[in-house]
Amino acid sequence: MRVRMTGSMDGKVVIITGAGGGLGRAEALLFGDEGARVVVNDVGGDRSGMGEDASRAELVAATIRERGGQAVAHHGSVASREDVDALFAVAVREFGRVDVLVNNAGILRDRTLLKLDDAEWAAVLGVHLTGTFLCTQAAAKQMISQGGGGRIVNTTSVSGMLGNFGQSNYAAAKAGIYGFTRTAAIELQKHRITVNALAPIAKTRMTEDLPMFHGKESMTPEHVAPAALFLGSDLAGDRTGFVLAVSGSRMYAFKVVETDGRFKEGGQPWTAAEIAENWESIVRAR
Ligand code: NAI
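Computed from a predicted structure; not experimentally measured.

## Quick word on the confidence of the model for the protein
And then number 1: The predicted model of the protein has a mean per-residue pLDDT of 96, with 99% of residues at 70 or higher.
And then number 2: Helix 9 (residues 279-283) is the least confidently modelled element of the protein, averaging 96 in pLDDT, while strand 4 (residues 100-102) averages 99, the highest of any element.

This is the structure:
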């Protein structure tokens, strides 16, 4: 089946991590349909990151080719520098360059804070936060070696932006991706590399057992993929450092709010009691 859309990504080389299923798969198919040459990365583990299955990435790459596109698979882990080096080597060997990176790979090890063990903390931080760092650094170096220009799309979450019960490891990783995105956007601007993040909500194997998705097919990975395409395409212009949120047909954004606050007359330090007394005017939004 040949699927051809607008060709907005013709000639571009796109790496998408964790693209063997869920959101990454939908993003990879859309980029492929738009003419991008796609490197489909996925280690192929279960939802908690256990196990490996190379066939998941292979299958998505094969699907892109069946639809008339170009794709190769890579099944290393984004949490390993060695595997990330190999991922970028595959992209350069097969397609000659890297124009877009979508950091999407992720796992869940939900546990309340009091029960969370060191391994559950480290595994989640490793895939989401270290994985995003390793891939972004490799992409930026490659893009700069090509003369600059490029687009990086990270994946944060509502949990990271607002907090969520039972997800202190995941929320910390996703909030870390927010801070990382803001800083990378500032540092890479002079190289004409935009760095933005998505905050999606969609029914995938990661979320299918949440009550909010029961009986609902209105929040799909296909609702999210166009937002990744937008941030990874020239339609995004020079927009950088944004968090674009998608939940079904709702498209919105997350922003950190800094309040006007208050100055104490005379420039003296506030006392703790004065902070208590003036709390409402200190934290009130503009
Ligand atoms: P998913 O479980 O279907 O997809 C995640 C993919 O990442 C899997 O195919 C998995 O094999 C792969 N992966 C895991 N560890 C990896 C590693 N070390 N190296 C390479 N690949 C690895 O889940 P979903 O929902 O598609 O999640 C995609 C991203 O979106 C994740 O970063 C997730 O945290 C984020 N997200 C998803 C939300 C949702 O509502 N589905 C909400 C907020 C964020």
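There is more to say after this.
## Focus on the environment of Val 40
And then number 1: When you line up the elements, Val 40 lands in strand 2 (residues 37-41).
And then number 2: Classification of Val 40 as buried rests on a relative accessible area of 0%.
And then number 3: Between the alpha carbons of Val 40 and Ile 64 there is a distance of 9.7 Å; along the sequence they are 24 residues apart.
And then number 4: With residues up to four places along the chain from it excluded, the contact list for Val 40 reads Ile 16, Ala 19, Ala 28, Ala 57, Val 60, Ala 61, Ile 64, Val 72, Ala 73 and His 74.

## Considering empty space enclosed by the protein
And then number 1: Here the structure, examined in full by the defined rule, presents 1 cavity of 30 Å³ or more.
And then number 2: Computed from the structure, the largest cavity encloses a volume of approximately 60 Å³.
And then number 3: Taken together, 13 residues line the largest cavity, and the ones lying closest to its centre are Asn 103, Asn 104, Ala 105, His 128 and Thr 132.
And then number 4: Every element with two or more residues in the lining of the largest cavity is listed here: helix 4 (118-145) and helix 6 (168-188).
And then number 5: Per-element accounting of the lining of the largest cavity gives the leading share, 5 residues, to helix 4.
And then number 6: Its residues assigned to classes, the lining of the largest cavity comprises 5 nonpolar, 7 polar and 1 charged.

## Some remarks on the packing of helix 1 (residues 22-33) against helix 2 (residues 55-66)
And then number 1: Remark: helix 1 packs on helix 2, axes separated minimally by 9 Å, with the N-to-C direction vectors making an angle of 25 degrees. With respect to each other, helix 1 and helix 2 are oriented roughly parallel. For helix 1 against helix 2, the interelement crossing comes out right-handed. Residue-level contacts link Arg 25, Ala 28, Leu 29 and Gly 32 of helix 1 to Val 60, Thr 63 and Ile 64 of helix 2.

## With respect to the packing of aromatic side chains
And then number 1: Going through the model one piece at a time under the given rule, you end up with 1 aromatic pair.
And then number 2: In this arrangement the basic side chain of Arg 250 is found over the ring face of Tyr 252, its NZ or CZ atom lying 3.6 Å from the centre.

Here is what the cut-offs are and how they apply
- Residues numbered from 1 in each chain as written.
- Predicted model: local features only at pLDDT ≥ 70, side-chain atom pairs only at ≥ 80, totals over all residues.
- Heavy atoms only, no water.
- pLDDT = per-residue confidence, 0-100.
- Helix = DSSP H or I, 4+ residues; strand = E, 2+ residues; numbered from the N terminus.
- Buried < 20%, exposed > 50% of the residue type's maximum accessible area, 1.4 Å probe, protein only.
- Contact = heavy atoms within 4.5 Å.
- 1 Å grid on protein atoms, 1.4 Å probe; cavity = no way out; pocket = protein on both sides within 12 Å on 5 of 7 lines; lining within 4 Å.
- Points joined across faces, edges and corners; volume = space filled by probe spheres on them.
- Nonpolar A, V, L, I, M, F, W, Y, C, P; charged D, E, K, R; others polar.
- Axes fitted to C-alpha atoms, helices over the stretch in contact; angles between N-to-C directions.
- Parallel < 35°, antiparallel > 145°, perpendicular 65-115°, else oblique.
- Left-handed = near helix turned anticlockwise from the far one by under 90°.
- Phe/Tyr/Trp six-rings, centres within 6.5 Å; stacked < 30°, edge-to-face > 60°.
- Lys NZ or Arg CZ within 6 Å of the ring centre and 35° of its normal.

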